[in-house]
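An overview of the molecular structure
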Amino acid sequence: MAQGFRLDGGAESLVFLTTEAGAPRLVYWGPDLGPADPIPALARLAIRAIPHGMLDGGERLSWLPEAGQGFTGHPGLLAHRNGAQVVSQMTLRDADLTSGAATLLLEDAAAGIELTLSLSLEAATGVLTSRTTLRNTGPESLTLDWLAAGAFDSPHNDLLLFDGRWTREFAPVRQILSTGLIAKENRTGRTSHYAPPFAVVGEPHFSETRGEAFALHLAWSGDHRIFAERLRDGRIQVQAGELLHPGEVILGQGESYQSPALYMARSESGLNGISDRLHPFVRDVILAGRLRGKTRPVHYNGWEAIYFDHDLATLKGLADLAAEAGAERYVLDDGWFKGRPDDRSGLGDWTVDPAKYPDGLTPLIDHVRGLGMEFGLWVEPEMANADSDLLRAHPDWIIGDPGRDQPLGRGQYVLDLTRPEVADNIYRQLDALLSRNAIGYLKWDMNRDLTHALSGGRAAVHNQTLAVYALMDRLRAAHPTVEIESCSSGGGRADYEILKRTDRIWTSDCNDPIERQAIQRGFSIFFPPEVMGSHVGAAASHTTARTASLDLRAMTALGGHMGIEADLRAFSQVERDQLAAAIALHKTLRDDLHAGRTLRLEHPDCLAFANLGAGSVLVSAAQVETSKAAALAPLRVVGLEPQAEFEIVMINPPERPFAVMKRRIPLVKGDTLVASGDMLARTGIPLPVLRAGEIAVFRLTRIAP
């Protein structure tokens, strides 16, 4: 083939150089290069000096760097045969190139391996997809220890990774990579709360609105590893791939392993530019357009109202109150199935509890549907309690090492879904449940980490993850109208591969709006608002014990996939009316905003968002802690058409403004302001004085020219 190839899409160009020795090398990722051939010039510009003290060929950093080619950083491939390390020196054998995609076949006959590298650049968004597939062509089995989905040669060293825990997901961590290797590893068997498979690397001090940045996401719901490494020659590589446990992937002759997809996007306008590429990509490619134009119903989930205390009269009463508030989907959470008085029993037996529901779920479902709401149900199909008919009959169906104590999580074990008889049993139970009841929605939970996840003596996280996908795929095929929510103790399973099979992600078990403002901010970088479950919780948060106003709770939930998760019996009539008004407002905005842009605005004191729809713009500024300044700086709203005129109103003016302000701003008085997009970006919206726990929300409406 030629010296190299280019991929074009989304007004972007990527240029790779190729040689016979190994994988291609990325030498350009930036704005579209136009019709001229850039490869000859870039090939000369890419020649680097090699200093003394290094191998004659230097550090051969490619899209899949090989130790056997002289690369001394972390290689993209690690494998062995019966304990003997495989030294690979792959050569490029064939390439299939189109304007937006490339499939390259590399081989090392002496090592007995063949590698296929698949790259594609989505035409509309410029999002890159990279996968690697390794095939064992040798006669002896090949044990795979690491195969990167790609190795990105980063021009920058400002690294953004994500930390967190249960009820505090998607917490950003910034650091400068000065030397060595920084890695985030996940060994929980789900994407995890503390090391989700996302990273951004950008120019120094890149922000929400400024600077070149590259985002990476490994779309995989099992164990993974993402790392950035500074090489001896100063370059930085970023790799991502599935974290494989010892002996987990052993390939016989002719067998293959395919890495998860690595998705990447570039922006010249910081993290907001990343979202501008990833959100439409998720809508049209990951979700395959199935939510486009589909109204996202407002939820009511009664978990924090009743927990395990199920009573039909109470549940019907809550349904009445939810319908009055404007809910359109009623989700019955944990505790509805037999033998489930608490979280120590019952999991695995997916039949209705005859003690709690002597006539089955039909009376409740009929009541809910009679109120105009869809009925949804909580399930946790991957788990079972020891105190269940399932495990009493099949104690060997637990994933793990026989004879070893399996540490429990929430009092439950993990079922070995890699065994067909186990997966078939769970499928039959769920299929019967959906076939016999008018259920339109499943909240699919997964509430514990995997520990020594073995099946048949072999590490099984990889196959267990594939088995979960297969079970979901099978159920969706049989019940195509049923939507599924991905929940895993909140946001513990949030990735693009699970989202291909689901319609919503439960962002966090924390409904405290102060915490939610930060959680939703991190989540929104990679996920559009229509898949972000955001609920109005109780005044006193069940996870933080902090008390928040209904205004802050409702306005924090307003821009996502809105819902309620509280005991509505505890609300006063005034509060119920306020909640109904907020939900009614959400309904006027959602179809527009769920198809638009989400921007995270920058402000020295507030956490601020702008949801830009075709018809309306929703802007919020939340004061999550006491302001450093006595009066707040104006909120600059970026992303609007500069010459367009906007009418601005404050949705939630404070009831007692003189408590904190000697002079009120016009918006607080109920006045309407008019300003251009350029004015709002340069001067900003004037903000009222806000105390900790208060929020200001504005609606901007375009004025027809």
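Described below are features of the structure shown in this document. As the structure is a computational prediction, the values presented were derived from the model and not from experiment. (Residues numbered from 1 in each chain as written. Predicted model: local features only at pLDDT ≥ 70, side-chain atom pairs only at ≥ 80, totals over all residues. Heavy atoms only, no water.)

The next point concerns the overall build of the chain. Each helix and strand counted, the chain has 13 helices and 39 strands in total. Relative to a compact globule of 705 residues, whose C-alpha radius of gyration would be 27 Å, the chain shows 27 Å and is just as compact. Dimensions along the principal axes, computed over C-alpha positions, put the chain at roughly 75 × 70 × 40 Å. The buried share among the 705 residues of the chain stands at 60%. Long-range contacts, defined here as pairs at least 24 residues apart, represent 70% of the contacts in the chain between residues at least 6 apart. Per element, the accessible surface of the chain, about 26,400 Å² overall, is 52% carbon and sulfur. For the chain, the centre of its 70 positive side-chain charges and the centre of its 88 negative side-chain charges are spaced 4 Å apart. (Helix = DSSP H or I, 4+ residues; strand = E, 2+ residues; numbered from the N terminus. Rg over C-alpha atoms; globule rule 2.2 N^0.38 Å. Buried < 20%, exposed > 50% of the residue type's maximum accessible area, 1.4 Å probe, protein only. Contact = heavy atoms within 4.5 Å. Areas by Shrake-Rupley, 256 points an atom, 1.4 Å probe, with all protein chains shown as cover. Lys, Arg positive; Asp, Glu negative; His and termini not counted. Charge placed at Lys NZ, Arg CZ, Asp CG, Glu CD.)

Spatially, S34-S35-S36-S39-S37-S38 is the arrangement adopted by the 6 strands of the open sheet, whose pairing is antiparallel. Each of the sheet's edge strands pairs with one partner strand only, and the pair in question is strand S34 (597-601) and strand S38 (673-676). Strand-to-strand twist of the sheet, defined as the mean angle between neighbouring strand axes without regard to direction, takes the value 25°. Here strand S36 (residues 616-623) pairs with strand S39 (residues 694-702) via 8 bridges, running antiparallel. Across the sheet, Leu618 pairs through a bridge with Arg699, a residue of S39. Where helix H10 (residues 513-523) meets the sheet, its contacts fall on S34, strand S35 (607-612), S36 and S39, and the angle it forms with S35 comes to roughly 55°. (Pairing = 2+ DSSP bridges. Axes fitted to C-alpha atoms, helices over the stretch in contact; angles between N-to-C directions.)

We now examine the environment of Ala109. Tracing the sequence through the fold places Ala109 in the loop between strand S7 (101-108) and strand S8 (113-121). Classification of Ala109 by relative accessible area gives exposed; the value is 68%. Residues Ala109 and Tyr357, spaced 248 residues apart in sequence, show a C-alpha to C-alpha distance of 65 Å.

Glancing now at the packing of aromatic side chains. The description of an aromatic ring pair rests on the distance of the ring centres and on the angle between the ring planes. Under the defined criterion, the tally for this structure stands at 27 aromatic pairs. Relative to Phe152, the ring of Trp29 has its centre 6.0 Å away and its plane inclined at 85°; by these criteria the two rings are edge-to-face. Placement of Trp29 in strand S3 (residues 25-31) and of Phe152 in strand S11 (residues 150-154) is noted, with a sequence separation of 123 residues between them. Like Phe152, Trp29 is buried. (Phe/Tyr/Trp six-rings, centres within 6.5 Å; stacked < 30°, edge-to-face > 60°.)

Let's shift gears to the side chain of His594. Inspection of the secondary structure assignment puts His594 in the loop between helix H12 (573-593) and S34. Here Gly560 takes part through its backbone oxygen, which lies 2.8 Å from a polar atom of the side chain of His594. Contacts of His594, omitting those with residues within four sequence positions, involve Arg283, Arg296, Pro529, Glu530, Gly559, Gly560, His561 and His586. (Polar contact = N/O pair within 3.5 Å; in protein donor to acceptor, adjacent residues only side chain to side chain.)

Its location among the elements puts Thr125 in the loop between S8 and strand S9 (128-136). With relative accessibility at 7%, the residue Thr125 sits in the buried group. Polar side-chain contacts of Thr125 include one of 2.6 Å to the side chain of Glu122. A distance of 3.4 Å separates a polar atom in the side chain of Thr125 from the backbone nitrogen of Val127. Ignoring anything within four residues of it in the chain, the contact list for Thr125 reads Gly10, Arg277, Pro280 and Phe281.

Before going further, it helps to examine the sheet that holds strand S2 (residues 12-17). With antiparallel pairing, the 3 strands of this open sheet are ordered in space as S1-S2-S3. Only two strands of the sheet have a single neighbouring strand rather than two, namely strand S1 (4-9) and S3. Taken over all neighbouring pairs, the strand axes of this sheet differ in orientation by 15° on average, direction set aside. Alignment of S2 against S3, held across 6 bridges, turns out to be antiparallel. Looking at the pairing, Val15 lines up with Tyr28 of S3.

A separate point is the nonpolar core. Counting residues in each nonpolar core, the largest one holds 138 residues, and the members touching the most others are Tyr330, Trp336 and Phe375. Looking at this core element by element, the count peaks at 7 residues for helix H8 (residues 461-478). Discounting chain neighbours no more than four positions away, the residues touching Trp336 are His310, Trp350, Thr351, Val352, Asp353, Tyr357, Leu377, Trp378, Val379 and Leu433. Ranked by size, the runner-up nonpolar core spans 31 residues in total, among them Ala265, Val282, Val531 and Met532. (Core = buried A, V, L, I, M, F, W, Y, C linked by side-chain atoms within 4.5 Å.)

What you tend to see is this: most non-glycine residues have negative phi, and most peptide bonds are trans. Here the phi dihedral of Ala11 falls at roughly 60°; this positive angle occurs in a residue that is not glycine. You can see Ala11 is positioned in the loop between S1 and S2. A positive phi angle, close to 90°, is found at Ser192, a residue other than glycine. If you trace the backbone, Ser192 turns up in the loop between strand S14 (181-186) and strand S15 (198-202).

Here the structure, examined in full by the defined rule, presents 52 salt bridges. When the shortest N-O distance is used, the salt bridge between Glu12 and Arg266 registers 2.8 Å. Of this pair, Glu12 sits in strand S2 while Arg266 is found in strand S21 (residues 261-267), placing the two residues 254 residues apart along the sequence. Given a relative accessible area of 2%, Glu12 falls into the buried group. Taking the relative accessible area as the measure of exposure, Arg266 reaches 3% and is therefore buried. With a shortest N-O distance of 2.8 Å, Arg682 and Asp678 are connected by a salt bridge. With Arg682 and Asp678 both in helix H13 (residues 677-682) and 4 residues apart, the pair spans about one turn of that helix. Taking the relative accessible area as the measure of exposure, Asp678 reaches 29% and is therefore partly exposed. (Salt bridge = Lys/Arg side-chain N within 4 Å of Asp/Glu carboxyl O.)

Here the structure, examined in full by the defined rule, presents 6 cavities of 30 Å³ or more. Volume-wise, the largest cavity comes out at about 200 Å³. What lines the largest cavity is a set of 20 residues, and nearest its centre among them are Gln520, Thr556, Gly559, Phe609 and Asn611. Class assignment of the residues belonging to the lining of the largest cavity gives a composition of 10 nonpolar, 10 polar and no charged. (1 Å grid on protein atoms, 1.4 Å probe; cavity = no way out; pocket = protein on both sides within 12 Å on 5 of 7 lines; lining within 4 Å. Points joined across faces, edges and corners; volume = space filled by probe spheres on them. Nonpolar A, V, L, I, M, F, W, Y, C, P; charged D, E, K, R; others polar.)

Every buried residue of helix H5 (residues 362-370) is listed here: Leu364, Ile365 and Val368. Buried residues along H5 cover an arc of 95° about the axis, so they all sit on one side. In the segment just after H5, Gly372 is the residue with positive phi, at about 90°. (Arc of directions from axis to C-beta.)

Relative to the elements of secondary structure, Ala265 occurs in strand S21. The exposure class assigned to Ala265 is buried, which follows from its relative accessible area of 0%. Residues Ala265 and Pro204, 61 residues apart in the sequence, show an inter-C-alpha distance of 18 Å. Beyond its immediate chain neighbours, meaning those up to four positions away, Ala265 contacts Trp29, Val127, Ala213, Phe214, Ala215, Ile274, Arg277 and Leu278.

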